[in-house]
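So you can see what is in the structure, the chains are spelled out below.
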Amino acid sequence: MRPARSPSSSAHKSLNRRELLKSATFAAGALIVPSHVFGDTSNPGANERIDIGLIGAGIRGRDLMGDMPPGGRVVAVCDCYDSRIDQLRKLYPAAKLAAYADYRSMIKGTRLDAVIIATPDHHHVQAAMLACQAGLDVYCEKPLSLTIGEGRRLVEAVRHYDRVLQVGSQQRSMEMDRFACHFVREGGIGKVSKVEFKNLPGPLLYEDVTSEPIPSGMHWDLFCGPQPIRPYHWRLWQKDERKWNGHNWRGWDMWRDYSGHLMTNHGAHGIDMVQWALGTDKTGPVGINPLVEKHDAERRLCPVVMRYANGTELHMTHPTSFSSGGYFYGESGEMKISRNGFAAYPESIVTNPPDQASADLWRGKGIVARPHLQNWLDCIKTRNDPNAPVEVGHRSVTICHLANIARELGRKLCWDPVAETFPDDEEARALLDRPRRAGWELPNIT
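Now for a look at the structure at hand. For clarity, every value in this text was computed on a predicted model and none was experimentally measured.

### Comments concerning the overall build of the chain
When helices and strands are counted, the chain shows twelve helices and 16 strands. Within the chain, contacts between residues at least 6 apart in sequence are counted, and of these 69% link residues at least 24 apart.

### Quick word on the nonpolar core
Counting residues in each nonpolar core, the largest one holds 95 residues, and the members touching the most others are Leu314, Met316, Phe328 and Met335. In terms of residues, this core owes the most to one element, helix α11 (residues 390–409), which gives nine residues. Core analysis: the next-biggest nonpolar cluster, separate from the first, contains 24 residues, Ile52, Ile116, Val164 and Leu377 among them.

### Some details on helix α7 (residues 175–185)
The periodicity of an α-helix, 3.6 residues per turn, causes residues three or four places apart in sequence to face the same way. Every buried residue of α7 is accounted for by Met176, Asp177, Phe179, Ala180, Cys181, Phe183 and Val184. Looking at the buried side of α7, the elements it contacts are β7 (192–198), α9 (261–278), β13 (326–330), β14 (334–338) and β15 (341–345). Gly187 sits one or two residues past α7 and shows a positive phi near 90°.

### Side note on the sheet that holds strand β2 (residues 72–78)
If you walk across this open sheet you meet the six strands as β3-β2-β1-β4-β5-β6, and the pairing is parallel. Either end of the sheet is taken by a strand with one partner, and the two such strands are β3 (98–100) and β6 (165–167). Across the sheet, the axes of successive neighbouring strands diverge by a mean angle of 25°, strand direction being ignored. Sheet topology places strand β4 (residues 114–117) next to strand β5 (residues 137–140); four bridges connect them, and they run parallel. Bridge pairing in β5 links Val115 to Val138.

### Notes on unusual backbone geometry
For the bond from Lys142 to Pro143, the omega torsion is -5°, close enough to zero to count as cis. Structurally, Pro143 is set in the loop between β5 and α6 (148–161). Residue Pro346 is reached from Tyr345 by a cis peptide bond, and omega for that bond is -5°. Structurally, Pro346 is set in the loop between β15 and α10 (370–382).

### Structural notes on the sheet that holds strand β12 (residues 313–318)
Taken together, the eight strands give an open sheet; going across it, the order is β15-β14-β13-β7-β12-β11-β10-β16, and neighbouring strands pair in mixed fashion. Every interior strand has two partners, whereas the edge strands, β15 and β16 (413–414), have only one. One ladder, built from four bridges, connects β7 with β13; its direction is antiparallel. Following the sheet pairing, Glu196 is matched in β13 by Tyr327. Its contacts with the sheet place α7 against β7, β13, β14 and β15, and it is angled at close to 150° to β14. In the packing of α9 onto the sheet, the strands contacted are β7, β12, β13 and β14, and the crossing angle to β7 comes to about 160°.

### With respect to the packing of helix α5 (residues 124–133) against α6
Orientation of α5 relative to α6, taken along the N-to-C sense of each, is 15°, at an axis distance of 9 Å. Accordingly, the angle class assigned to the pair α5 and α6 is roughly parallel. As for how α5 packs across α6, the hand of that crossing is left-handed. Along the contact surface, α5 presents Val125, Ala128, Met129, Cys132 and Gln133, while α6 presents Glu150, Gly151, Arg153, Leu154, Ala157, Val158 and Tyr161.

### Some details on the pairing of β15
Pairing of β14 with β15, which is carried by five bridges, proceeds in the antiparallel orientation. Counterpart to Glu334 in the pairing with β15 is Tyr345. If you look at the hairpin formed by β14 and β15, you'll find two residues sitting between the two strands, and Asn340 has a positive phi there, around 65°.

### Looking at the side chain of Asp253
Within the secondary structure layout, Asp253 lies in the loop between β9 (247–248) and α9. For Asp253, a relative accessible area of 0% puts it in the buried group. Discounting residues that sit within four places of it in the chain, Asp253 has contacts with Lys239, Ser259, His261, Leu262 and Asn265.

### Comments concerning the side chain of His261
Examined against the element boundaries, His261 turns out to sit in helix α9. A distance of 2.8 Å separates polar atoms of two side chains, one belonging to His261 and the other to Asp253. The contacts of His261, once residues within four sequence positions are left out, are Pro201, Gly202, Pro203, Arg250, Asp253, Met254 and Arg300.

### Topic: the packing of aromatic side chains
Inspection of every chain in the model, using the stated rule, returns twelve aromatic pairs. Consider the rings of Tyr327 and Tyr329, whose centres lie 4.9 Å apart with planes at 50°: the pair is tilted. Looking at Tyr329, the relative accessible area reads 24%, which means it is partly exposed. Here a set of aromatic residues connected by ring pairs shows up, and it is made of Tyr81, Trp220, Phe223, Tyr232, Trp237 and Tyr258. Lys194 extends its terminal NZ or CZ atom over the ring of Tyr329, reaching a point 5.0 Å from the ring centre. Seen from the ring of Tyr206, Arg230 lies directly overhead, with NZ or CZ sitting 4.1 Å from the centre.

### A closer look at the environment of Ala180
Structurally, the position occupied by Ala180 is in helix α7. Judged by its relative accessible area of 0%, Ala180 falls in the buried class. Sequence-wise, Ala180 and Val350 are 170 residues apart; in three dimensions their C-alpha atoms are separated by 9.4 Å. Those residues in contact with Ala180 that lie beyond four places of it in its chain are Met335, Ile337 and Phe342.

Conventions and cut-offs
- Residues numbered from 1 in each chain as written.
- Predicted model: local features only at pLDDT ≥ 70, side-chain atom pairs only at ≥ 80, totals over all residues.
- Heavy atoms only, no water.
- Helix = DSSP H or I, 4+ residues; strand = E, 2+ residues; numbered from the N terminus.
- Contact = heavy atoms within 4.5 Å.
- Core = buried A, V, L, I, M, F, W, Y, C linked by side-chain atoms within 4.5 Å.
- Buried < 20%, exposed > 50% of the residue type's maximum accessible area, 1.4 Å probe, protein only.
- Pairing = 2+ DSSP bridges.
- Axes fitted to C-alpha atoms, helices over the stretch in contact; angles between N-to-C directions.
- Parallel < 35°, antiparallel > 145°, perpendicular 65-115°, else oblique.
- Left-handed = near helix turned anticlockwise from the far one by under 90°.
- Polar contact = N/O pair within 3.5 Å; in protein donor to acceptor, adjacent residues only side chain to side chain.
- Phe/Tyr/Trp six-rings, centres within 6.5 Å; stacked < 30°, edge-to-face > 60°.
- Lys NZ or Arg CZ within 6 Å of the ring centre and 35° of its normal.

Written out as structure tokens, the structure reads:
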């Protein structure tokens, strides 16, 4: 096992590694879990690759491993359920992987250049901050945070430790989305008065469930992490692996302790496109209005309307579509932005669309992220900002958090996007962050 890197030595090692990597080339194309992903040092140039620790070996973690470009290799894997690591070892018996249950131990105990974080949402910020503190670069799946407060702490840590953090909002690397957002932002449809967005559900509050025996190899304490320890039940954590009432059960994604549910999960992708197209990456809305009086079902499901300082309104009211983009109403046209695509109305307003072939890079099994990972690896070498930097990811998911907070309180809110607070509203400010279980406090930035 390689010795851990101390923060004081990380800058020196990164500099040397960047010199070594100057001549590295990164190919594009389809890839299905090649041997280099798992640290096969027999490949030419393997010592020039970026050594990565994977935190979270569930469905998304495995997808990201399969999408890894040749410039990176996974040399360590962490998951709180031993069975998932065992499955990887059976699938890839030649893999040379250091295995951990606790990412805190992995970050300290393995010499790495970077980590990929594909855990449940309530671990994202803690793992990312610890990685930054250790001198590692980070690819963190969206949504970036569980709360607005911890998201801002992560932004500060990335800046303080001068790390490269790519948020897993891969539409920022899709040419179709880049073109469409740039077109709207540069006035292609005139001043935007309204954006329609899908009405996505918020999370469930914890409910008592019948306690079940903890499976062998499940480190339940580690899964709960900074949140209260609940009695074990598979419904609290198993996501997209079992059915409940005839539907795929989304597990941890359903519960407020661990996630903001689809509002922050799918919503982080779509709101990211809204922010990009409106040119509001460094700010946000100033007013949030949950339409509680027009919604008879659970409050977590009610539509929400937000208003930006320039008068543009964001309507999270559409029942079926736009979860990966939005429908933009402008003075001189309209634009529908979706994942890896767009449609202009009238079509004639777009005269120089991108080559459709650029969309093919994103076709394949699962939710393809390979070009987005490539951008991250490139930026680790150059130290440039990646396509989806930490501030952008924080600002996008903040809007999703605002929607859930307004629903939870059931009333209109005023938001100061500069100070990131609710002026003169103590009740709302109390929901900007949450208590953390002892031993899981966020690290100090020093």
